[in-house]
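# Architecture and fold: a report
Spelled out, the chains give:
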Amino acid sequence: MNVAKKSLAIAFAMAAPLANQSFAQESQRIEEITVVGVRDSHTVIVDDTLVATPDTAQLLRKMPGANVNKNGELTGIAQYRGMFGDRIRVSVDGAQINGAGPNAMDAPLHYAPVAILQSLTINRGIVPVSKGQETIGGYVEAVTYAGDFGSNSEFKLSGRAYAGAQSVNSGDVLSGFFSLANDTHILRGFVMQESAGDLEFPDGKITPSEYERERFDLGYSYAQGPHEFSIDFARNNTKDAGTASLPMDILSIDSDLFRSRYTFTSNSGVFTAELSASDNEHWMTNYHLRRPPQTASSTDDPMRFRRNWAVSENYGFALNYELFADNGTWLYGLDGHFSEHRSIITNPNSMPFYISNFNDVNRDIIGAFVEREILLNPRTGLEAGLRVNHVSMDSVPVSANLNPMNMMMGMPVMMNRLAGALSTQFNNDNLAQTDTNVDAFVRLSYETNGDATWYVGAARKTRSPSYQERYLWIPLEATGGLADGKTYTGNPNLKPEVAHEIELGLDLENVAYGIYPRLFYKRVSDFIQGTPSTNMLANNFAQMMANMGMGMPNPLQFSNVDARFYGLDIESNFTINEAVTLRAIVNIVRADRRDINDNLYRVSPDNFLLALDYRGSGWTGSIESVTYADQDRISVTNSELSTDGYSLINLMARSEIIEGVEVSIGAENLLDESYLDHLAAYNRAFNPDIAARSRMPGLGRNFYTRVMWNF
Ligand SMILES: [Cu+2]
């Protein structure tokens, strides 16, 4: 079903490059005639949506229930209904990519830049178990350009040149996609170069926020009768990129990505096999883009320079068989994902200094599932599924040398002693851990006589701890991008999170309008959250670090607590006349602890998007207002600061000036509103315009343009 939906969306995008979102919605409606079910996903097709940003994660802001935790211009972490990071399963062309950065500088969507992106889809609400191994918080799917097969045996060259520029950081992007294809073969390639300076906000600049990135892709697809096969390689080279919300900036992220897929379609079903791998190497520092650490006399402090080398390797496979059955389908699957991480912190001014931050940590999951989709009667559709995951994790023993000069007394001696004690404590712990996790879901849809389809769903979802949550042994901020300014330690003995969720919804739709509200309640046992550390070694170490001007005292330790998430999101569109459509999205989420009286950290403020889309002859335009409420439901545990509400106006227009060439222009934050972005955390780099550890500002007015030439 998914495949059909996807190819239909692609067909629309190709046939009508000027079609706006309502066309994509139309195509989904066509799909819905064949099955009783609610609209359970929301897709943004990049050709039809104008965005200035290089970061695909920013597109989530346009989608119901979704948002982005922004730690840098290329470092957007997906958030959905209050959960984020590793709780959201992100698929990039089917592959799961665990980035090299222990602070998620290369969060998964880093590997699907906007310039090569074809579409971004979020699953609304309860995610079927077939979508991924761990989907406790949601599912996001990025699909990149792959080209199309031709209609006969003659080879044809086609492609797309894409250029963009924006004013807020003098950023530009240049990319080209080409494909040489006939009815059996597609050979494709893609190149991209993008760079920008520092961002402007109404009261100054965000430093450092510059970036530079290159990307190269090469792929091949083959189709013959019932067989379809594809293989793709990509190389990502991210160079200098500022991440002012984190303690360091990106020096490089060099990644090799591989993926391959085979499908066999018969009268009885569809068999799919997928393989993927990635090898990611990353360097970051606290001195090459931001002002280096300073001594009391305001000169560089060579002893506090830090450089971090981090690598990750991922291997994944998935085997699925979709069997056509009476009134629906059976879907059987077996999948595996194997990742390994290593991270070492050094000081370029003192080579013997090192902290083996994560030492060959492994996180391996093997999963199996069965799913059933069935039409119970002409008006009632049912989907249900069961998945079992076996998770095994381990770490090699760790060590550190914090006394590089071999001093006999003083601070380095004491810190080195504490680090030694912490590593011994860690190395003697139960580092090898296994979890067996069971997920299940059921969704029931009922179509009434009128325009309404009612929906109710329930699910149990699990997630084993991340490698940081289990194996961070010395108080550091390597937390998968939490960016709360706190140092953390992990706990190898953490239990997996278990969520129970119910969701109620309604699709109300006819020629004049479509309204899609969803109400949800999710109760999480053993939710993993930092709580005040009771480990005296860790606490003393953090205190000493703080005395030296590095990090904060009072570290947190990842612990199992109880939490809940609930709220409402609504997606809607109203046809005003042939040319004008009104779009509105409402997002409300609450997230708090059940074991103590506190809110959860970094949860999206309530927000409301209202847009008018105009389709004229030869051009389209939109005016958009985005309103965020105050967020004063903040986490005391994470020392979170509240933010005030704000409203922004965005404009965009596009036109096909000559056949195949489309020019778009837009303005974001047209009124140059000054505001704080609750999800962009705090400033951690020296900046004359933003106080240290104060909230990050939202971006100032941004004019941007995009030119696409499809040939
Ligand atoms: Cu990093």
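Residues numbered from 1 in each chain as written. Predicted model: local features only at pLDDT ≥ 70, side-chain atom pairs only at ≥ 80, totals over all residues. Heavy atoms only, no water.

## So, the overall build of the protein
The test is simple: In DSSP terms, a helix is any run of H or I states spanning at least four residues, a strand is any run of E spanning at least two, and both are numbered starting from the N terminus. What the globule rule says is 2.2 Å times the number of residues to the power 0.38, and the radius of gyration is computed from C-alpha atoms. Burial classes: relative accessible area under 20% of the type maximum marks a residue as buried, over 50% as exposed, and values in between as partly exposed (1.4 Å probe, protein chains only). The contact criterion used throughout is that any non-hydrogen atoms of two residues lie within 4.5 Å. Areas reported as accessible are Shrake-Rupley estimates using a 1.4 Å probe. Residue values count occlusion only from the protein chains shown. In this charge count, Lys and Arg are treated as positive and Asp and Glu as negative; neither His nor the chain ends contribute. Taken as the charge location is NZ of Lys, CZ of Arg, CG of Asp or CD of Glu.
When helices and strands are counted, the protein shows five helices and 33 strands. At 25 Å, the protein has a C-alpha radius of gyration in line with the 27 Å of a compact globule built from 711 residues. Counting only C-alpha atoms, the protein reaches 80 × 50 × 50 Å along its principal axes. Burial status across the protein gives 57% buried among its 711 residues. A separation threshold of at least 6 residues defines the contact pool for the protein, and within that pool the share at least 24 residues apart is 69%. Carbon and sulfur atoms make up 59% of the accessible area of the protein, which amounts to about 27300 Å² in all. Positive and negative side-chain charges of the protein, numbering 57 and 83 respectively, have mean locations separated by a distance of 4 Å.

## A few points about the domain arrangement of the protein
What counts is decided by this rule: Domain boundaries shown here were taken from an automatic or database domain assignment. Computed with a 1.4 Å rolling probe, the buried area is the accessible surface lost when two parts are put together, summed over both parts. Put simply, a salt bridge is a Lys or Arg side-chain nitrogen that is within 4 Å of an Asp or Glu carboxyl oxygen. Here a polar contact is recorded for every N or O atom pair within 3.5 Å, except that within protein the pair must consist of a potential hydrogen donor and a potential acceptor, and residues adjacent in sequence are included only if both atoms are side-chain atoms. Ten residue types, Ala, Val, Leu, Ile, Met, Phe, Trp, Tyr, Cys and Pro, are classed as nonpolar, four, Asp, Glu, Lys and Arg, as charged, and the remainder, Gly among them, as polar.
According to the domain assignment, the protein contains domain 1 (2-144) and domain 2 (156-710). The C-alpha centroid of domain 2 is placed 12 Å from the C-alpha centroid of domain 1. Between domain 1 and domain 2, the residue contacts involve 82 residues of the former and 149 residues of the latter. Both sides together, the interface formed by domain 1 and domain 2 hides about 8900 Å², and carbon and sulfur atoms give 53% of it. Arg81 serves as the salt-bridge partner of Glu503, at 3.0 Å between the closest nitrogen and oxygen. Taken together, the connections running from domain 1 to domain 2 amount to 50 residue pairs in polar contact (both at pLDDT 80 or more). Breaking the side of domain 1 that touches domain 2 down by element, the ones donating at least two residues are helix 2 (21-32), strand 2 (66-72), strand 3 (75-80) and strand 4 (83-84). Looking at the side of domain 1 that touches domain 2 element by element, the count peaks at six residues for strand 2. For the side of domain 1 that touches domain 2, the per-class residue count stands at 36 nonpolar, 29 polar and 17 charged.

## Quick word on a negative patch on the surface
Put simply, the test is: In this scheme, patches are assembled from residues that exceed 30% relative accessible area and form no salt bridge. Like charges are connected within 9 Å, while nonpolar side chains (Val, Leu, Ile, Met, Phe, Trp, Tyr) are connected within 5 Å.
A surface patch of negative charge is lined by Asp279, Glu281, Glu313 and Glu340. Take Glu340: it is sitting in strand 18 (residues 328-346).

## Quick notes on the pattern of salt bridges
A complete count under the given rule lists 39 salt bridges for this structure. Members of the salt-bridge network, linked through shared partners, are Arg81, Arg124, Glu503, Asp569 and Glu571.

## Topic: the environment of Arg235
As for its position among the elements, Arg235 is in strand 14 (residues 227-241). For Arg235, a relative accessible area of 31% puts it in the partly exposed group. Distance in space between the C-alpha atoms of Arg235 and Leu476 is 30 Å, their sequence separation being 241 residues. Once residues within four sequence positions are removed from consideration, Arg235 is found in contact with Glu214, Arg215, Phe216, Asp254, Ser255 and Asp256. Within the local environment of Arg235, its side chain forms a polar contact with the side chain of Asp256, the two groups lying 2.7 Å apart.

## What about the sheet that holds strand 6 (residues 117-123)?
Keep this limit in mind: At least two bridges found by DSSP between two strands is the condition for calling them paired. To get an axis, a line is fitted to the C-alpha atoms, and for a helix only the part in contact is used. The angle between two axes follows their N-to-C directions and goes from 0 to 180 degrees.
Overall, mixed pairing links the four strands, which are arranged 1-6-7-5 in an open sheet. At either end of the open sheet lies a strand with only one pairing partner, and these are strand 1 (41-45) and strand 5 (88-92). Neighbouring strand axes in the sheet, compared pairwise and without regard to direction, differ in orientation by 15 degrees on average. Across five bridges, strand 5 lies against strand 7 (residues 138-144) in parallel orientation. Residue pairing for strand 7: Arg89 is matched across the bridge by Tyr139.

## Concerning the coordination of the copper ion
The condition is simple: Counted as coordinating are nitrogen, oxygen and sulfur atoms within 2.8 Å of the metal, or 3.2 Å for Na, K and Ca, while water is not included, which may make sites look incomplete.
Listed as protein donors to the copper ion are Met105 (SD), His282 (NE2) and Met284 (SD); their distances from the metal cover 2.0 to 2.3 Å. Here the donor residues for the copper ion map to a single chain with the spacing M-x176-H-x1-M. Linking Met105 in the loop between strand 5 and strand 6 with His282 in strand 16 (residues 269-285), this pair joins segments that are 177 residues apart in sequence. Taking relative accessible area as the criterion, His282 reaches 0% and is therefore assigned buried.

## Quick word on the nonpolar core
The condition is simple: Remark: nonpolar core denotes a set of buried residues (Ala, Val, Leu, Ile, Met, Phe, Trp, Tyr, Cys) joined through side-chain atoms within 4.5 Å.
One finds Leu60, Leu120 and Phe541 to be the most contacted residues of the largest nonpolar core, which totals 98 residues. Two domains each provide a minimum of three residues to this core, namely domain 1 (2-144) and domain 2 (156-710). Sequence-distant contacts of Leu60, that is, excluding residues within four places in its chain, are made with Ala66, Asn67, Ala78, Leu109, Leu120, Ile122 and Val140. Counting residues in each nonpolar core, the second largest holds nine residues, with Leu199, Phe201, Ala680 and Ile690 among its members.

## Regarding unusual backbone geometry
The peptide bond linking Thr207 to Pro208 adopts the cis configuration, its omega dihedral lying at -10 degrees. In this fold, Pro208 is placed in the loop between strand 12 (204-206) and strand 13 (211-224). The residue Asn406 is not glycine, and still its phi comes out positive at about 55 degrees. Among the secondary structure elements, Asn406 is positioned in the loop between strand 21 (400-401) and helix 3 (411-427). Taking the relative accessible area as the measure of exposure, Asn406 reaches 63% and is therefore exposed. Positive phi is not limited to glycine here, since Ala681 has a value of about 60 degrees. You can see Ala681 is positioned in the loop between strand 32 (661-668) and strand 33 (702-710).

## Description of the packing of aromatic side chains
This is how the line gets drawn: Aromatic pairing here means that ring centres of Phe, Tyr or Trp (its six-membered ring) are within 6.5 Å. Orientation follows from the plane angle: under 30 degrees is stacked, over 60 is edge-to-face, and everything else is tilted.
Scanning the entire structure with this criterion turns up 16 aromatic pairs. Where Tyr488 meets Phe558, the ring centres are 4.7 Å apart and the plane angle is 25 degrees; that geometry is what we call stacked. Linking Tyr488 in strand 24 (residues 488-489) with Phe558 in strand 27 (residues 556-575), this pair joins segments that are 70 residues apart in sequence. Summarising the aromatic geometry, the rings of Tyr513 and Phe574 are spaced 6.4 Å apart at their centres and angled 35 degrees between planes, so their arrangement reads as tilted.

## Quick look at helix 5 (residues 536-547)
Heads up, the rule is: Multiply 1.5 Å by the residue count of a helix minus one, and that product is the helix's expected span.
In this model helix 5 runs 16 Å from its N-terminal to its C-terminal C-alpha over 12 residues, within 8% of the 16 Å that 1.5 Å per residue would give. For helix 5, every residue scored as buried is listed here: Ala538, Asn539, Phe541, Ala542, Met544, Met545 and Ala546. Buried residues belonging to helix 5 abut helix 3 and strand 24. The opening residue of helix 5 is Asn535, an N-cap whose side-chain oxygen sits 3.0 Å from the backbone nitrogen of Leu537. In the segment just after helix 5, Gly549 is the residue with positive phi, at about 80 degrees.

## Considerations on the packing of helix 3 against helix 5
Condition: Relative orientations are named as follows: roughly parallel for angles under 35 degrees, roughly antiparallel for angles over 145 degrees, roughly perpendicular for angles from 65 to 115 degrees, and oblique for any other angle. If you view the pair so one helix is near and one far, a crossing is left-handed when the near helix is turned anticlockwise from the far one by less than a right angle, and right-handed when it is turned clockwise.
Their axes nearest at 10 Å, the elements helix 3 and helix 5 cross at an angle of 150 degrees. Between helix 3 and helix 5, the angle is such that the two are roughly antiparallel. Relative to helix 5, helix 3 is oriented so that their crossing is left-handed. Only Leu537, Ala538, Asn540, Phe541, Met544, Met545 and Asn547 of helix 5 make contact with helix 3, whose side of the interface consists of Met411, Met414, Met415, Leu418, Ala419, Ala421, Leu422 and Gln425.

## Looking at the pairing of strand 32
Both strand 31 (residues 646-658) and strand 32 contribute to a ladder of seven bridges, which runs antiparallel. Pairing of Ile658 across the sheet is with Val661, part of strand 32. Two successive antiparallel strands, strand 31 and strand 32, enclose a turn made up of two residues, where Gly660 displays a positive phi of approximately 90 degrees. Alignment of strand 32 against strand 33, held across eight bridges, turns out to be antiparallel.

## Things to note about the sheet that holds strand 4
Across the sheet, three strands lie side by side as 2-3-4; this open sheet has antiparallel pairing. Lying at the two open borders of the sheet, with one neighbouring strand each, are strand 2 and strand 4. One ladder, built from two bridges, connects strand 3 with strand 4; its direction is antiparallel. Bridge pairing links Tyr80 to Met83 in strand 4.

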